[in-house]
Amino acid sequence: MKAVILIGGLDILRPLTLSLPQPLIEFCNKTLLMHQLEALKAAGVNDVVLCVHEKNLPKSWNDVITKYEMDLGLRMQCSIEKSSLGTAGPLKLAESLITNDGSSQEPFFVLNGDVLCSFPLRDMLHVHVQHKGCGTVMTTWNDEPSKYGVVVGNDKSGRIEHFVNRPETFVSNLINAGLYIFDPSIFSRLPSAGEKASMNEVLSQLATEENLYHFESKGYWVKMTDVRTFLSAVGPQLEMTRLLHGADLAPHSGAPVPPTTMIVGNVLIDQTAVIGDDCKLGPDVVIGPKCVLGNGVRLESTTVMSGVQVDAHAVIHDSVIGWNSHVGSWAWVTSSVLAEDVAVKLGTLLNGVTVLPHKELSVSVGSRGSSFDATVLTWIDSHAGFALTALPPASMMSRGRLGGRYGAVPPAASPAAAQQAAALPTLGISPR
């Protein structure tokens with residue numbers, strides 16, 4: 001069976017895409033493209049066509065595709081757009097690759113390249129074969145349907161009665177999830193090769209013809225529009241990993257975890273990473289290849305890309321740390337995105353900031369209206385689950401990076417944590 005992946009703009013996940021195109025960004029230690037390819041292979045696909053604009057191709061693209069072909073045992077071909085063809089025009093351009101020059105009448109999958117989900121592709125294919133329509137759309141329930149194409153379907157037959165793109169008034173909570181199965185007859189409904197075409201217009205036409213059905217997925221789904229959506233998808237992805245392949249998560253797999261380091265919830269650690277003592281990791285943490293974590297490091301709801309170094313007693317929460325970046329000792333990073341090769345110096349605080357590649361930060365930075373004292377300390381007391389039991393170096397205190405009022409236990413910590421911290425040895429970050 002064949003599949004098509006429509007790869008649109010490759011720079012949505014800025015600033016990460018300043019270093020790599022979106023399909024090659026690592027998500028839970030696999031590229032976004034690899035997640036889709038593995039799901040397609042598991043569904044019985046053996047031939048994949050990648051539709052991509054020539055201006056978006058990185059120099060390493062052909063090498064990556066060749067490696068993925070070998071690793072997965074898939075045949076992979078690229079259909080290159082010379083000019084933008086919209087969301088459905090690339091399908092017509094790739095018609096000969098998809099249909100083997102018209103000799104194949106088999107249905108084929110179509111995936112938007114910016115979508116990740118639980119990929120119930122075999123179930124979706126079963127539904128498509130049963131109803132014998134021209135197309136099947138995967139749908140999912142969404143609380144903000146006005147941002148997407150909305151579907152009104154017949155509950156008994158599964159046929160789509162109406163398809164409305166970004167409705168201004170409420171129509172339904174079922175949205176187009178960006179995964180499709182089409183029969184080759186779809187090509188007769190598309191304009192000539194090289195002309196622009198809108199997928200939404202094609203779907204509306206099929207719905208009018210009563211030839212479009214939907215398959216509602218109950219699993220998780222995310223459209224990668226920015227780094228926020230990237231981070232929001234990590235938790236569901238790790239939970240799915242726990243249910244299906246629990247042995248792949250720490251401490252069962254990956255780099256050795258010292259006995260004094262605590263794993264909380266779902267944590268994925270590459271086997272080449274190095275983890276220090278007295279750390280607290282999780283939940284929803286991903287640590288990439290060749291990362292080095294010092295003693296007493298605290299990570300929560302954070303993805304750390306390959307080659308990152310996090311020094312002792314640093315705290316990182318709700319953030320993405322880009323490739324080969326360096327977070328210094330006692331640095332606190334919350335709700336931030338660091339691109340490739342960023343250096344955060346000793347004791348620097350970052351709150352709600354985005355940092356471009358190859359930058360160095362030695363002065364604390366916060367988003368407009370933020371307060372480091374209120375934001376960071378409140379988070380530590382309410383969510384981090386630890387008491388600070390090792391003092392920052394006196395040089396940091398005198399420079400004012402952490403503020404003169406910080407003591408052995410931050411003022412926002414609970415009285416119980418303060419009593420416990422007073423009785424503990426100097427371990428850096430210790431569980432309450």
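Rules and cut-offs
- Position numbers for residues count from 1 along each chain, tracking the sequence in the order it is written.
- pLDDT decides what is reported in this predicted model: residues at 70 or higher carry local features, side-chain atom pairs at 80 or more are listed and counted, and totals for whole chains, interfaces and linings draw on all residues regardless.
- Note that the side-chain values use all heavy atoms of the structure and ignore hydrogens as well as water.
- Note on pairing: two strands pair once DSSP finds at least 2 bridges between them.
- Labels follow the DSSP assignment, with helices taken as runs of H or I lasting at least four residues and strands as runs of E lasting at least two, numbered in each case from the N terminus.
- Only Phe, Tyr and Trp rings are paired, with Trp represented by its six-membered ring, and only when their centres lie within 6.5 Å; those with planes under 30 degrees apart are stacked, over 60 edge-to-face, the remainder tilted.
- When a residue's accessible area, from a 1.4 Å probe over protein chains only, is under 20% of the maximum for its type it is buried; when over 50% it is exposed; and in between it is partly exposed.
- By definition, the arc is the one covered by directions from the helix axis to the C-beta atoms.
- We call two residues in contact whenever any of their non-hydrogen atoms come within 4.5 Å of each other.
- Nitrogen and oxygen atoms within 3.5 Å of one another constitute a polar contact, given that in protein one can donate a hydrogen and the other can accept it, and given that sequence-neighbouring residues count only through two side-chain atoms.

**Q** Just to check I follow, could you spell out the pairing of strand β9 (residues 149-153) for this structure?
**A** Within a regular strand, the side chains alternate between the two sheet faces. Two elements, β9 and strand β10 (residues 160-165), share five bridges in a ladder whose sense is antiparallel. In the sheet register, glycine 153 faces β10, and the bridge partner there is isoleucine 160. A loop of six residues connects β9 with β10, the two strands running antiparallel in sequence, and glycine 158 in this loop sits at a positive phi of about 80 degrees.

**Q** Sorry, what's going on with the packing of aromatic side chains here?
**A** The geometry of an aromatic ring pair is captured by two quantities: the separation of the ring centres and the angle between the planes. If you walk through the whole model with that rule in mind, you get five aromatic pairs. Ring geometry for phenylalanine 27 and phenylalanine 230: centres 5.2 Å apart, planes at 85 degrees, overall edge-to-face. Of the two residues, phenylalanine 27 is situated in strand β2 (residues 26-27) and phenylalanine 230 in helix α7 (residues 227-245); the sequence distance between them amounts to 203 residues. Phenylalanine 230 shares its class with phenylalanine 27; the two are buried.

**Q** Mind showing me how you'd approach the sheet that holds strand β15 (residues 267-269) here?
**A** Strand pairing in a sheet relies on backbone hydrogen bonds, with the paired strands running either antiparallel or parallel. Across the sheet, six strands lie side by side as β15-β18-β21-β24-β27-β30; this open sheet has parallel pairing. Each edge of the open sheet is held by one strand with a lone partner, namely β15 and β30 (354-355). Two strands pair when backbone bridges link them, and strand β24 (residues 320-321) and strand β27 (residues 337-338) are joined in this way by two bridges, in the parallel orientation. Residue pairing across strands places isoleucine 321 opposite leucine 338, the latter belonging to β27.

**Q** Mind showing me how you'd approach helix α6 (residues 199-208) here?
**A** Every α-helix carries 3.6 residues per turn, so stepping three or four residues along brings you back to the same face. All of the buried residues along α6 are Met199, Val202, Leu203, Leu206 and Ala207. On an axial view of α6, the arc spanned by its buried residues comes to 135 degrees, and they lie on one face. Opposite its buried face, α6 presents the exposed residues Glu201 and Thr208, each directed more than 90 degrees away. Turning to α6, the residues buried within the fold contact β1 (2-6), α3 (89-93), β8 (135-141), β10, β11 (174-182) and β12 (212-216). A distance of 3.3 Å separates the backbone nitrogen of asparagine 200 from a side-chain oxygen at the start of α6, and that oxygen is part of serine 198. Immediately downstream of α6, the backbone of glutamate 210 shows phi near 60 degrees, a positive value.

**Q** Sorry, what's going on with the environment of leucine 13 here?
**A** Structurally, the position occupied by leucine 13 is in the loop between β1 and β2. Considered as a pair, leucine 13 and valine 227 are 214 residues apart in the sequence and their alpha carbons are 5.7 Å apart. For leucine 13, the residues in contact, after removing those within four places along its chain, are Gln22, Ile25, Leu32, Thr225, Asp226, Val227 and Phe230.

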